[in-house]
Amino acid sequence: HAVFLAIGVIAGVVVFQIPMRAWQEMAPWLFIAGVVLLLVVLIPGIGRDVNGARRWLPLGVVNLQPSELMKLFAVLYAADFTVRKMAVIHDLKQAFLPMAGAMVLVGGLLLKEPDFGAFVVIISIAVGILFLGGLKARLFAVLFFVLVAAFALLIIVSPYRRDRIFGFMDPWADAFGRGYQLSHSLIAFGRGELFGVGLGASVEKLFYLPEAHTDFLLAVIAEELGFVGVLAVLALFALLVQRAFAIGRRCVQLDRLYPALVAMGIGIWMGVQSFINMGVNMGLLPTKGLTLPLMSFGGSGILANCVALAILLRIDWENRQITRGGNA
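What comes next is a walk through the structure. Everything quoted here is computed from the prediction, not taken from an experiment.

## Things to note about the packing of helix H4 (residues 92-112) against helix H5 (residues 116-132)
Move 1: Axis separation between H4 and H5 bottoms out at 9 Å; the angle between their running directions is 170°. Put simply, H4 runs roughly antiparallel to H5. The two elements H4 and H5 meet at a crossing, and its hand is right-handed. Counted together, Met 99, Met 103, Val 106, Gly 107, Leu 110 and Leu 111 of H4 and Phe 116, Ala 118, Phe 119, Ile 122, Ile 123, Ala 126 and Leu 130 of H5 form the full contact between these two elements.
Move 2: Here the residues of the contact of H4 with H5 are counted per class, giving 12 nonpolar, 1 polar and no charged.

Written out as C-alpha cells, the structure is:
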C-alpha cells in the first residue's frame, strides 16, 4: 500500500504539469486503452482470479485493477464527448446513443469480471456528465427509469446478487451465511457508540469483519472512533464533492466547459462511490464490493484517486491563472 501511495503521489505531481487541453486530446485514446485493459483482464491465464472475480492484471510484485483506471478514463471521455456533441446534445441518435453504446461495451466487460460496483459508478459518471452538459430533463428521466429496470433485471437473473438482496433485507435471518458481512458491520457500528472503543482497538477487524481493510473500512472507523469519527469522514467527503463542483462552476464562469465537466465528473465519481460504500457499511444499501475512495487499501484505487485529485488541482490552478490574466 505504501508503494502505491508513493507511486500515486509521484504520478499526481507529474499529472499536475499536464494542461487540460492535452487531457482533452488524449481522452478518446485513454478510453480505448481502458477498454483494451478490461478485455485483457478477462483472458484466461492473464487476468488474476480472487474470490471468484477476475479483476486484476499481475505485474510482478503488484496487481493492476483496470476498472479503477476506467473510472478516471470515463470522466475524461464523457466530458470530451459532451463538449464535442454540445450542438446536438438533445439529439437521441447523435449524442445519447453513441455514449450509451460505449457504456454498454464497458458495462458488459465489467459484468463479465464481475464488478457490478464499478459498473454502477461508471454509468453514474457518464449519465451525470451528460445531464450537466445539457441533456434534456425528459430524456434524463427516461434514461433513469431504464437504468433502474436494467439494474433490477441484472439482480433478478443473478443468483448471488439475489442472495445479497435477501441478506440485506434481513441480515440476522442468516447471520452466519448471506447476512454475515452486514451483521458484523452493524455489530461494529453498535460497539463504537458515540466516541468509539479507541484507535486500533477494533475487535471486528480481527477475522470477524470481511474485507475490513477495503469494503468495510468505515465499519472499523465506526467501531474505533464512534459516531463522531463517522461524521468526520462524511464531512470530509461532502467537502471534497462540494469543492469539485465549486471548481467546475468557476470553469463555467470562465467559459471552460471541458475542465468544468471533468471537475464535476470527479465530484460525481467520489460522491457516488463513497455514498455506496458508506451505505453498504451502514446497512442502507445491499452489499457491494466498492472501496472507500482515498482511504481503503488498494493500489490501483489509490493511484487513480491521486491522479484524479491532481487533475482537479490542475483545473483550479488554471482557473486562478486565467483570473489573474495569465494563460492556462
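## Brief notes about helix H1 (residues 2-16)
Move 1: The terminal C-alpha atoms of H1, which comprises 15 residues, lie 21 Å apart, in line with the 21 Å expected from a rise of 1.5 Å per residue.
Move 2: Taken as a whole, H1 has its buried residues at Phe 4, Gly 8, Ala 11, Gly 12 and Val 15. Viewed end-on, H1 has its buried residues packed into an arc of 105°, placing them on one side of the element. The outward face of H1, more than 90 degrees from its buried face, is lined by the exposed residues Ala 2, Val 3, Ile 10, Val 13 and Val 14.
Move 3: Next to the buried residues of H1 lie helix H2 (20-40), strand E3 (62-64) and helix H11 (299-323).

## What to know about unusual backbone geometry
Move 1: Phi is positive for Glu 193, which is not a glycine, with a value near 50°.
Move 2: Judged by relative accessible area, which is 63%, Glu 193 ranks as exposed.
Move 3: The backbone of Leu 294 shows a phi angle near 70°, a positive value even though the residue is not glycine.
Move 4: Inspection of the secondary structure assignment puts Leu 294 in the loop between helix H10 (257-282) and H11.

## What about a nonpolar patch on the surface?
Move 1: Taken together, Leu 194, Phe 195, Phe 227, Val 228, Leu 231 and Leu 234 make up a surface patch of nonpolar side chains, about 570 Å² in accessible area.
Move 2: Inspection of the secondary structure assignment puts Leu 234 in helix H9 (residues 217-253).

## Things to note about the nonpolar core
Move 1: In terms of nonpolar packing, the biggest core is built from 77 residues, with Leu 76, Val 262, Trp 269 and Ile 311 touching the most fellow members.
Move 2: The biggest single contributor to this core is H5, with 12 residues.
Move 3: Each residue touching Trp 269, except ones within four places of it in the same chain, is listed here: Glu 68, Lys 71, Leu 72, Val 75, Val 121, Ile 125, Ala 304, Asn 305 and Ala 308.
Move 4: Residues Leu 217, Leu 218, Ala 222 and Val 230 belong to the second largest nonpolar core, which totals 9 residues.

## Some remarks on the pairing of strand E2 (residues 53-59)
Move 1: Pairing geometry for E2 and E3, over 3 bridges, is antiparallel. Considered in E3, the bridge of Leu 57 is made with Leu 64.
Move 2: Between E2 and E3, which pair antiparallel one after the other, the connecting turn spans 2 residues, and Gly 60 there sits at a positive phi close to 75°.

## Section: the environment of Arg 54
Move 1: You can see Arg 54 is positioned in strand E2.
Move 2: Ignoring anything within four residues of it in the chain, the contact list for Arg 54 reads Val 41, Leu 42, Ile 43, Pro 44, Gly 47, Arg 48, Asp 49 and Glu 113.

## Points about H2
Move 1: In this model, H2 (21 residues) spans 29 Å end to end at C-alpha, consistent with the 30 Å of a helix rising 1.5 Å per residue.
Move 2: Helix geometry: H2 is bent most strongly at Met 26, by close to 50°, with proline Pro 28 lying one to four residues after it.
Move 3: For H2, the full list of buried residues reads Met 20, Trp 23, Ala 27, Leu 30, Phe 31, Gly 34, Val 35 and Leu 38.
Move 4: Buried residues in H2 make contact with H1, helix H3 (66-84), H4, H10 and H11.

## Considering the side chain of Ser 185
Move 1: For Ser 185, the position within the fold is in helix H8 (residues 180-192).
Move 2: For Ser 185, the residues in contact, after removing those within four places along its chain, are Leu 209, Phe 216, Ala 219 and Asn 281.

The rules we used
In this numbering scheme, every chain counts its residues from 1 along its sequence in written order. Local features in this predicted model are restricted to residues of pLDDT 70 or higher, and side-chain atom pairs are both shown and tallied only at a pLDDT of 80 or more, whereas totals for entire chains, interfaces and linings draw on every residue. Values shown for side chains rest on all heavy atoms present in the structure; no hydrogens or waters enter the calculation. Between the N-to-C directions of two axes lies an angle of 0 to 180 degrees, each axis being a line fitted to C-alpha atoms and, for a helix, fitted only over the stretch in contact. Numbering of helices and strands runs from the N terminus; a helix is a DSSP stretch of H or I covering at least four residues, while a strand is a stretch of E covering at least two. Roughly parallel covers angles under 35 degrees, roughly antiparallel covers those over 145, roughly perpendicular covers 65 to 115, and oblique covers all other angles. Whether a crossing is left-handed or right-handed is set by the direction in which the near helix is turned from the far one by less than a right angle, anticlockwise for left-handed and clockwise for right-handed. What makes two residues a contact is simply this: any of their non-hydrogen atoms within 4.5 Å. Classification convention: Asp, Glu, Lys, Arg as charged; Ala, Val, Leu, Ile, Met, Phe, Trp, Tyr, Cys, Pro as nonpolar; all other residues, Gly among them, as polar. For a helix, the expected span equals 1.5 Å multiplied by the residue count minus one. The classification of residues rests on relative accessible area computed with a 1.4 Å probe and restricted to protein chains. Under 20% of the type maximum is buried, over 50% is exposed, and intermediate values are partly exposed. It is the directions from the helix axis to the C-beta atoms whose arc is reported. A patch is a set of surface residues, each over 30% in relative accessible area and not in a salt bridge, joined within 9 Å for like charges and within 5 Å for the nonpolar side chains Val, Leu, Ile, Met, Phe, Trp and Tyr. Each accessible area value is a Shrake-Rupley result obtained with a 1.4 Å probe; residue values ignore everything except the protein chains displayed when judging cover. Basic side-chain nitrogens of Lys or Arg form a salt bridge, by our definition, when they fall within 4 Å of a carboxyl oxygen of Asp or Glu. Throughout this description, the term nonpolar core refers to a set of buried Ala, Val, Leu, Ile, Met, Phe, Trp, Tyr and Cys residues connected via side-chain atoms within 4.5 Å. Only strands that DSSP links by at least two bridges are regarded as paired with each other. The seven residues ending at a residue and the seven starting there each receive a fitted axis; the angle between those axes is the bend at that residue.

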